[in-house]
Amino acid sequence: MKQSAVIGRIPANEKPGANGRHRQTGSADKTSGWKLQSAELPASKMPSWGWKQPHNLRGPLRATPPAHRCSSKVLGGAYPFLAETGDILTGAYIGENLLSRAPFCFDPWDAYSAEAVRSHSVAILGVKGTGKSMLAKSWSSRLARLGRKVAVPHDPNGEWVRVAAYVGGKSISVGPGKAARINLLDEGARDRSFSDEDWNQNVLQYRRATVKTIIRRLREGGNLEPVEHTALDVALDALRGQSTVTITHVYDRLVDPEQSQPLEVVEAGHRLAHSLRRMVSGDLTGFFDGPSTVRFDADAPMMVVDTSALKGASPEAQALARLATANWIRRSSLGANRQARVIIHEEAAVELLNDVSGGDGLADRVEDEKVARHLGTSNWYLLHRVADLDALGDRNSALHSRALGLLADCETRISYAQHSGEIARSREILGWNDTQADLVRKLHKGEGLWQIGQDRVAKVRNICTDYELGIFRTDAMGGERA
Ligand SMILES: Nc1ncnc2c1ncn2[C@@H]1O[C@H](COP(=O)(O)OP(=O)(O)O)[C@@H](O)[C@H]1O
Ligand SMILES: [Mg+2]
């Protein structure tokens, strides 16, 4: 790469703009007028006449202050808001910080260790086509190269399959016509600290909660009666000794309980079985009701579940697919498989809105956030707008505060361009000042305002190589740059 100097005099023999173009000072490396050699200084793309912007006083007549060298810490104090303080964050390279022109890197775990944030979670907000997925793909694949693990439990457009292949990860396609099956009730990776009895209890609780969630969704939010809870417990208890338990097994036990039970429990079991029937012999058959045919590879740098084949499926099938894949990845990342893992929730708003029957989807996410720090996961939520969360439930309702609480849990918030009508509300929720709101108004594609913890702000342009762009782009242009 061509090096160019940042600070220094213009050499006597260089006439700025003499060739009709704004020349780079790097061309002056060979001249003797330089006190500081460009190789000693950080590279800059600054044209010799300065940046072409209004009020920049560009021109050949310029101040020629003597070259001065000091530490970035001192510069940060002398030029607050312009120079980086030197207290930089480490991690994968994302692009250029347009406020300081410094390279910008970020890693949720490093930022947490540096006490810049109090959670690992990240919210990426912006209207369609602004570059949210591009950021998530470039950032996560670069983190994967640094040894972090990445999982995408629900890829509705199948756009992550190529990313997984690019970093040497794996992808699984589920849905009609696909061979892969995921068992919703898989016990997951065992935590070595659990005794046999504790682990059995843990698995039982997990299965109970999952079957209840499925039934609630299939009943469109209808809750279980107390006697139905009993019937479910009896059925799950009868399956305790079995190594693999599937929804079909639970269904069979509900229809035909082994031990003699009071009539009302048997009847309640039948009611539950009716609700579950769609899973085993209705329109949802075959996706998630049998034993798993695929294995979660905890050592793969990236695991992607491609759910694009479910595009035309019913909303229930889609909601169950999200539940199945998210749970499967969560359970598989426990115990011995526990390690720093990024979990990317593509199109999270759609997911949350669709699963909102009783707020289950959101409750799962909020619950997940509570344990995320303990599990070492960093959840990234890709949202179209704050209004999607804001619209959940009435203001002051538990659901609404849960939705905004999820955003508050994300201590790293990245705002891409938003519709002008939504800036006021986003500003209120995300706490932008006038300058920051103005900045978001003027963002271009691939640029975002980063709010990191309480007091760090950066405006970052996500820079990708042409090769990366070829793999990550989603527009119909194919190989063409948008
Ligand atoms: N940082 C970037 N550099 C170059 N092109 C970009 C960048 N970010 C986005 N794009 C272009 O914009 C398109 C849409 O981006 P995408 O990330 O899919 O948007 P979103 O997920 O917000 O809907 C991409 O396919 C790509 O062509
Ligand atoms: Mg996208």
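The shown structure was predicted, so the numbers you read here are calculated from the model rather than taken from an experiment.

A. Geometry of the site of ligand 1. Of all residues adjacent to ligand 1, which total 17 residues, the nearest are G131, S133, M134, G446 and R473. The element that contributes the greatest number of residues to the shell around ligand 1 is helix α3 (residues 132-145), accounting for three residues. Classifying every residue of the shell around ligand 1 gives four nonpolar, eight polar and five charged.

B. Expanded view of the confidence of the model for the protein. The predicted model of the protein has a mean per-residue pLDDT of 81, with 81% of residues at 70 or higher. Across residues 1-39, confidence stays below pLDDT 50; counting only partners more than four residues off in sequence or on other chains, it has 61 contacts. Throughout residues 477-482 the model reports pLDDT below 50, and contacts reaching past four residues in sequence, or to other chains, amount to five contacts.

C. Structural context of the environment of R402. Along the chain, R402 turns up in helix α13 (residues 398-409). The sequence separation of R402 and L392 amounts to ten residues, and the corresponding C-alpha distance is 9.0 Å.

D. Fine view of the nonpolar core. The biggest cluster of nonpolar side chains holds 89 residues, and the ones touching the most others in it are I124, I247, L320, A324 and W380. If one sorts the elements of this core by residue count, helix α9 (residues 315-332) sits on top with nine residues. In terms of domain composition, this core takes at least three residues from each of domain 2 (88-148 + 341-482) and domain 3 (159-339).

E. Quick look at the pairing of strand β6 (residues 302-306). By the criterion of burial, β6 is predominantly enclosed, with five of the five residues buried. The side-chain alternation of β6 yields two buried faces, one formed by M302, V304 and D306 and the other by M303 and V305. Note that strand β4 (residues 149-155) and β6 share four bridges and pair parallel. Looking across to β6, one finds that V150 is bridged to M302. With four bridges joining them, strand β5 (residues 170-173) and β6 adopt parallel strand pairing.

F. Structural view of the environment of Q451. Assignment of secondary structure puts Q451 in strand β10 (residues 447-452). The exposure class assigned to Q451 is buried, which follows from the 22 C-beta atoms found within 10 Å. C-alpha separation for the pair Q451 and I414, spaced 37 residues apart in sequence, amounts to 6.3 Å.

G. Quick look at the sheet that holds β4. Read from one edge of the open sheet, eleven strands run β2-β1-β11-β10-β9-β3-β8-β7-β4-β6-β5, paired in mixed fashion. Each edge of the open sheet carries a strand with a single partner, namely β2 (102-106) and β5. Ignoring strand direction, the axes of neighbouring strands in this sheet form an average angle of 25°. Running at roughly 150° to β10, helix α15 (residues 434-441) makes contact with β9 (412-415), β10 and β11 (456-462) of the sheet.

H. Layout of the pairing of β10. When you tally the buried positions in β10, you get five out of six residues, the bulk of the element. Bridging between β10 and β11 involves six bridges; their strand directions are antiparallel. Residue L449 lies in a different strand from β11, and its bridge partner there is K459.

What counts and how
Residues numbered from 1 in each chain as written. Chains lettered and ligands numbered in written order. Predicted model: local features only at pLDDT ≥ 70, side-chain atom pairs only at ≥ 80, totals over all residues. Near = placed C-beta within 6 Å. Helix = DSSP H or I, 4+ residues; strand = E, 2+ residues; numbered from the N terminus. Nonpolar A, V, L, I, M, F, W, Y, C, P; charged D, E, K, R; others polar. pLDDT = per-residue confidence, 0-100. Contact = placed C-beta atoms within 7 Å. Core = buried A, V, L, I, M, F, W, Y, C linked by C-beta atoms within 7 Å. Buried ≥ 20, exposed ≤ 12 C-beta atoms within 10 Å, placed from the backbone. Domains from an automatic or database assignment. Pairing = 2+ DSSP bridges. Axes fitted to C-alpha atoms, helices over the stretch in contact; angles between N-to-C directions.

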